[in-house]
Amino acid sequence: MEKIGIVGAGTMGGGIGQVAAAHGHLVTLYDSQPGAAEAMIQGIIQRLERWTISGRVDEGDAKAIIDRLSFAASLEGLAASELVIEAVSEDLPLKQKVFAALEEIVGTETIIASNTSSLSITEIAAGLRSPERVVGMHFFNPAPIMKLVEIVSGDLTNPDVAKRCFDLVRGWDKHPVMCHSHPGFVGNFVNRPFYLEAVRIREEGIADERTIDELMVRAAGFRMGPFELMDLVGVDVNLAVSEAVWNALGRDPRFEPSGVQRTMVKLGKLGRKSGHGFYPYGDLNVSPRPRIVPPGASTTSIRIGPTSGGLHELVERARANDIVVNTGAEIDGIEVDDVRLTLSDGFTAREHTMGSAIPAVLVDWAHDLSTTSSLGIASDVPRALPSAAGFLHQIGIEALHLNDSSGLVVGRIMSSLINLAAEALAKNVASREDIDTAMLLGFNYPEGPLSWGRRLGPGVVHAILRHMGDHLDKGRYGPIEELEAALATST
Ligand code: NAD
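Note that the structure is predicted; figures quoted are calculated from it, not measured.

Annotation of the protein at the domain level lists domain 1 (3–181), domain 2 (198–284), domain 3 (301–401) and domain 4 (410–486). Domain 2 puts six residues into the contact, and the matching count from domain 3 is 13 residues. Carbon and sulfur atoms supply 52% of the area buried between domain 2 and domain 3, which totals about 670 Å² over both sides. On the domain 2 side of the interface with domain 3, the three residues burying the most area are Leu-215, Arg-218 and Ala-219, jointly 72% of the side's total. Applying the counting criterion to the domain 2 and domain 3 interface returns one salt bridge.

The structure is reproduced here in structure tokens:
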């Protein structure tokens, strides 16, 4: 595929064009907006000049890339392309019109791909004479940098077409994953709870946005928290993807966007680009602080039972900090002075305290309890929190205050993501390995959700989801039937 045509010379079309030209293809860009394709080529030239100065690309290569880029004044200018990648605005009728026009112009062997983030490849191809040559090539933004490309097959896509696109982008130093045209494909389907649950947790008054962001970065290991990421990408852009996935899934209540997101869009609070989103920017830039539990007195010893309440890494950290660890068969969790720490399992702290002589402190999940520098904690007994925070502080962990609830923050978001990853696997949207790779490379997960769930154990993930379903809403939080099977099998 020497000649590649790009329709829509915006952010994505320009980025994909640059990548293709960098790998030796002759790229022709077309945009319906007069002057837009030329302007995009100028933009690429400037980007390459910056990259030349910083040593990222050498001058000769940059010149060769620029020489391989051209623009067409009309769609007919793409007639000789062996592959056309469409990257016009995310609008199904518009894309269908572009595809119908392309079918009249390009050769019968030409592959026609769409960079859509959320529309159905089957629907884009509907009504065409040869829907078998239509495929999704979902690049991520910025295309020259992001490694993930989802190669999406619609119901009628010829597997050979998908395979050729897969091999092509692998040669572009990308990491393609194969998936079926399911709403949101792999990434935008599995990742919905990252935002939706965060917004619900905030609405339910369990934690504010800064505390949630802090926990998702420092405890869960993501590069950015959900609220700062929504502000960066645009609250409107995030809402549009959420609405598209929710509608395409028959308005499944698990995916319903929150009223808060819709109100923010109506009020023009779109994030960084409008100066105000979940956080203020510009002149108003006063970053709120997370809700920290002031550490109480330090302790010289702790007591643990046979299971340490799922917190054995904290026990190891206590030993490493010269805290004496006593054991007792009757103890459940970690006892610190007169409070008991236990890992969040979907029951509330109040339920754990009931019938017990000492108050319970629920500890939220972390990606790695042996290294985390931050943990959310909650208790129904306010005096219990400083004691727990004092111990955590001694072993290098800052405790953040959460209101008592089922699943808390990281546990609630992560178990929901793991549940959807298992659902994507059960629906055969992609392979186990590709689901994890998509989330690692496209969404900056610290670990693939299926691998994470397997490490925790299917019983632990199943229990928290089951208890969240009982406490919050069965229709939204129950474990899927195939969860245990998805997490039990390893490859
Ligand atoms: P954009 O608004 O930056 O660019 C779209 C371009 O398409 C514009 O220049 C517009 O003039 C042009 N256009 C509109 N109608 C056209 C037509 N009929 N013929 C030719 N050109 C036409 O949008 P974008 O962010 O580059 O997104 C493009 C596609 O990529 C969308 O489907 C989007 O969902 C998808 N996508 C976007 C991102 C992202 O983060 N921006 C990431 C992955 C996928």
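More follows now that the structure is in view.
This brings us to the packing of aromatic side chains. Aromatic rings in a pair are described by how distant their centres are and how their planes are angled relative to each other. Taken as a whole, this structure holds seven aromatic pairs when the rule is applied. Here Phe-194 and Phe-222 contribute two aromatic rings whose centre-to-centre distance is 4.9 Å and whose plane-to-plane angle is 35°, an arrangement assigned as tilted. Here Phe-222 lies in the loop between α9 (209–219) and α10 (226–233) and Phe-194 lies in helix α8 (residues 192–203), a separation of 28 residues in the sequence. Both residues of the pair, Phe-194 and Phe-222, count as buried. Grouping aromatic residues by their ring pairs yields a cluster made of Phe-194, Tyr-195, Phe-222 and Tyr-445. The positively charged end of Arg-56 is found above the aromatic ring belonging to Trp-51, 4.0 Å away from the centroid.

Backbone hydrogen bonds are what pair the strands of a sheet, in a parallel or an antiparallel way. Strand order across the open sheet formed by seven strands is β10-β9-β11-β12-β13-β14-β15, with mixed pairing between neighbours. The two strands at the open ends of the sheet, each matched to only one other strand, are β10 (324–327) and β15 (398–401). On average, each strand axis in the sheet is inclined to that of its neighbour by 35°, with strand direction left out of account. Where strand β9 (residues 301–304) and β10 come together, four bridges link them in parallel fashion. Each bridged residue has a counterpart across the sheet, and for Ile-302 the counterpart in β10 is Val-325. Packed on one face of the sheet, α9 meets β14 (374–378) and β15 and runs near 145° to β15.

Here is what the cut-offs are and how they apply
Residues numbered from 1 in each chain as written. Predicted model: local features only at pLDDT ≥ 70, side-chain atom pairs only at ≥ 80, totals over all residues. Heavy atoms only, no water. Domains from an automatic or database assignment. Contact = heavy atoms within 4.5 Å. Buried area = accessible area lost by both parts, 1.4 Å probe. Salt bridge = Lys/Arg side-chain N within 4 Å of Asp/Glu carboxyl O. Phe/Tyr/Trp six-rings, centres within 6.5 Å; stacked < 30°, edge-to-face > 60°. Helix = DSSP H or I, 4+ residues; strand = E, 2+ residues; numbered from the N terminus. Buried < 20%, exposed > 50% of the residue type's maximum accessible area, 1.4 Å probe, protein only. Lys NZ or Arg CZ within 6 Å of the ring centre and 35° of its normal. Pairing = 2+ DSSP bridges. Axes fitted to C-alpha atoms, helices over the stretch in contact; angles between N-to-C directions.

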